[in-house]
Amino acid sequence: MRFLEVEPKEASLREVFRELHTLGEETDRFIIASDEAQYLRFYGSRGGRELLALFAHAYDSLPNLRIILAGSEVGLLHDFLGIDDYESPLYGRVGGEIHIGPFDKETPKAFLKAGFEEAGAKISEEVEKAVSTLDGIPGWLVLFGVKYIETKDFERAIKATFDVARGLLVGELRELERRSRRYVQILRAIALGYNRWSLIRDYLTLKGMETPEPRLYELLKNLKKDGVG
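About the thresholds
Residues numbered from 1 in each chain as written. Predicted model: local features only at pLDDT ≥ 70, side-chain atom pairs only at ≥ 80, totals over all residues. Heavy atoms only, no water. Helix = DSSP H or I, 4+ residues; strand = E, 2+ residues; numbered from the N terminus. Rg over C-alpha atoms; globule rule 2.2 N^0.38 Å. Buried < 20%, exposed > 50% of the residue type's maximum accessible area, 1.4 Å probe, protein only. Patch = residues over 30% accessible without salt bridge, like charges linked within 9 Å, V, L, I, M, F, W, Y side chains within 5 Å. Areas by Shrake-Rupley, 256 points an atom, 1.4 Å probe, with all protein chains shown as cover. Salt bridge = Lys/Arg side-chain N within 4 Å of Asp/Glu carboxyl O. Pairing = 2+ DSSP bridges. Core = buried A, V, L, I, M, F, W, Y, C linked by side-chain atoms within 4.5 Å. Contact = heavy atoms within 4.5 Å. Polar contact = N/O pair within 3.5 Å; in protein donor to acceptor, adjacent residues only side chain to side chain. Axes fitted to C-alpha atoms, helices over the stretch in contact; angles between N-to-C directions. Parallel < 35°, antiparallel > 145°, perpendicular 65-115°, else oblique. Left-handed = near helix turned anticlockwise from the far one by under 90°. Nonpolar A, V, L, I, M, F, W, Y, C, P; charged D, E, K, R; others polar. Phe/Tyr/Trp six-rings, centres within 6.5 Å; stacked < 30°, edge-to-face > 60°. Lys NZ or Arg CZ within 6 Å of the ring centre and 35° of its normal.

Colleague: Looking at this model, I keep getting lost on the overall build of the protein. Mind explaining?
Modeller: For the protein, the count of helices and strands is ten helices and two strands. When the elements of the protein are put in sequence order from the N terminus, they spell out α-β-α-β-α-α-α-α-α-α-α-α. Here the protein has a C-alpha radius of gyration of 22 Å; the compact-globule value for 229 residues is 17 Å, and the former is much larger. Within the protein, buried positions represent 30% of all 229 residues.

Colleague: Please explain a nonpolar patch on the surface as it appears in this structure.
Modeller: On the surface, a cluster of nonpolar side chains totalling about 220 Å² of accessible area is made up of Phe111, Val142 and Val146. Inspection of the secondary structure puts valine 146 in helix α6 (residues 138–151).

Colleague: Could you clarify how one ought to interpret the pairing of strand β2 (residues 65–69) in this entry?
Modeller: For a regular strand, the rule is simple: side chains alternate between the two faces of the sheet. As paired elements, strand β1 (residues 30–34) and β2 share five bridges and run parallel to each other. Within β2, the position partnered with isoleucine 32 by the bridge is isoleucine 67.

Colleague: Is there a simple way to think about the nonpolar core in this case?
Modeller: Soluble globular proteins tend to bury their nonpolar side chains together. Membership of the largest hydrophobic core comes to 16 residues, with the highest contact counts inside it found for Phe17, Leu52, Phe55, Leu65, Leu81 and Leu90. At the level of secondary structure, the elements contributing two or more residues to this core comprise α1 (13–27), α2 (49–61) and α3 (74–81). Looking at this core element by element, the count peaks at six residues for α2. Not counting residues up to four positions away in its chain, the partners in contact with leucine 90 are Leu52, Phe55, Ala56, Leu81 and Ile83. By size, the runner-up hydrophobic cluster in this structure holds 14 residues, among which are Val127, Leu134, Phe144 and Tyr148.

Colleague: Got a minute to help me understand the side chain of serine 88 in this structure?
Modeller: Within the element layout of this structure, serine 88 appears in the loop between α3 and α4 (107–119). Residue serine 88 is classed as buried on the basis of its relative accessible area of 8%. Reaching out from serine 88, the side chain makes a polar contact with the backbone oxygen of leucine 81 at a distance of 2.7 Å. Each residue touching serine 88, except ones within four places of it in the same chain, is listed here: Arg49, Leu52, Leu81 and Gly82.

Colleague: Please clarify how the side chain of threonine 211 should be interpreted in this entry.
Modeller: As for its placement among the helices and strands, threonine 211 is situated in the loop between α9 (197–206) and α10 (213–226). The class for threonine 211 is buried, based on a relative accessible area of 4%. In this structure the side chain of threonine 211 is engaged in a polar contact, spanning 2.8 Å, whose partner is the side chain of arginine 182. In this structure the side chain of threonine 211 is engaged in a polar contact, spanning 2.7 Å, whose partner is the backbone oxygen of methionine 209.

Colleague: Can you help me understand the packing of helix α5 (residues 125–134) against α6 in this one?
Modeller: In helix packing, the relevant descriptors are the interaxial angle and the interaxial distance, both defined with respect to the helix axes. Across the interface, α5 lies against α6 with an axial gap of 10 Å and an inter-helix angle of 140°. As judged from the angle between their axes, α5 and α6 are oblique. α6 is crossed by α5, and the crossing has right-handed handedness. Residue-level inspection shows Glu126, Ala130 and Leu134 of α5 in contact with α6, the latter providing Trp140, Leu141, Phe144 and Tyr148. The class makeup of the residues in the contact of α5 with α6 is six nonpolar, no polar and one charged.

Colleague: What is the right way to read the packing of aromatic side chains from this model?
Modeller: By convention here, two paired aromatic rings are described through the distance between centres and the angle between planes. Using the criterion set out here, one finds eight aromatic pairs in the structure. Both rings, one in phenylalanine 116 and one in phenylalanine 144, keep their centres 6.4 Å apart while their planes meet at 85°; by these two values the pair is edge-to-face. On the criterion of sequence distance, the pair formed by phenylalanine 116 in helix α4 and phenylalanine 144 in helix α6 is long-range, its members being 28 residues apart. On the basis of relative accessibility, which here comes to 0%, the residue phenylalanine 144 falls in the buried class. A ring pair is formed by phenylalanine 144 and tyrosine 148, whose centres lie 5.9 Å apart and whose planes are at 40°; its orientation type is tilted. Linking phenylalanine 144 with tyrosine 148, this pair stays in helix α6, spanning four residues, or about one helical turn. The same class applies to phenylalanine 144 as to tyrosine 148, namely buried. Members of the aromatic cluster, each reached through a chain of ring pairs, are Phe116, Phe144, Tyr148 and Phe154. It is lysine 129 that lies over the ring of phenylalanine 154; its NZ or CZ is 4.3 Å from the centre.

Colleague: Is there a simple way to explain the pattern of salt bridges in this structure?
Modeller: For the coordinates displayed, the defined rule picks out nine salt bridges. The residue arginine 201 makes a salt bridge to aspartate 202 at a minimum N-O spacing of 3.5 Å. Look at arginine 201 and you get partly exposed, because its relative accessible area is 25%. With a relative accessible area of 38%, aspartate 202 lands in the partly exposed category. Note that arginine 201 and glutamate 213 form a salt bridge whose closest N and O atoms lie 3.2 Å from each other. You can see arginine 201 sitting in helix α9 and its partner glutamate 213 sitting in helix α10, a full twelve residues away along the chain. Relative accessible area serves as the criterion here: at 44%, glutamate 213 is assigned to the partly exposed category. Where salt bridges share partners, they join Glu106, Lys109 and Glu128 into one cluster.

These results come straight from atomic positions and should not be treated as a statement about function.
Right, dumping it as structure tokens:
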């Protein structure tokens, strides 16, 4: 195994990528992966465009590198990458895309059983309980599996999973409310079953937040991009 031959404090990202490309010659490609990659748009002073330019350089000139960008806010990630935007450094580059949605009814059971078998853990009836409790969301199933292996206790593992989920949800709601109080009220309206444009608009009006239609359209579009609408 080779180590990078550049000083981390002095090397630019371009130099690091170039060195990883060289490593890829020995390992049959080197993979760089980033989760929640939509937040890369906050990198640097130009909204992440330096990174996009680097990704474009890697695409064009470093064939031993493979870059995987994952994110839960799909719309924001698409906007950031701008593959269809001629002003984006990545415009015109062809990339593969994989959408991971909730599992169907049977897949979660097989998913958990395979994971437990691989980890050498035994679990039987708890699989059914976990699937019915967590539905088919892959991330929560993974977290439950990790917590169950750590604790060997179903109730503690479920509680730990819900604690994490609750913390993430509260954090996301606070961030939405910081951007606009209307976001949270829109989500409340939808949770109450107000699933039509006019009903959501009227609900906001009742809450003292009269919202013009163009503004409501933008708010709903942003929620969809955030992956919560």
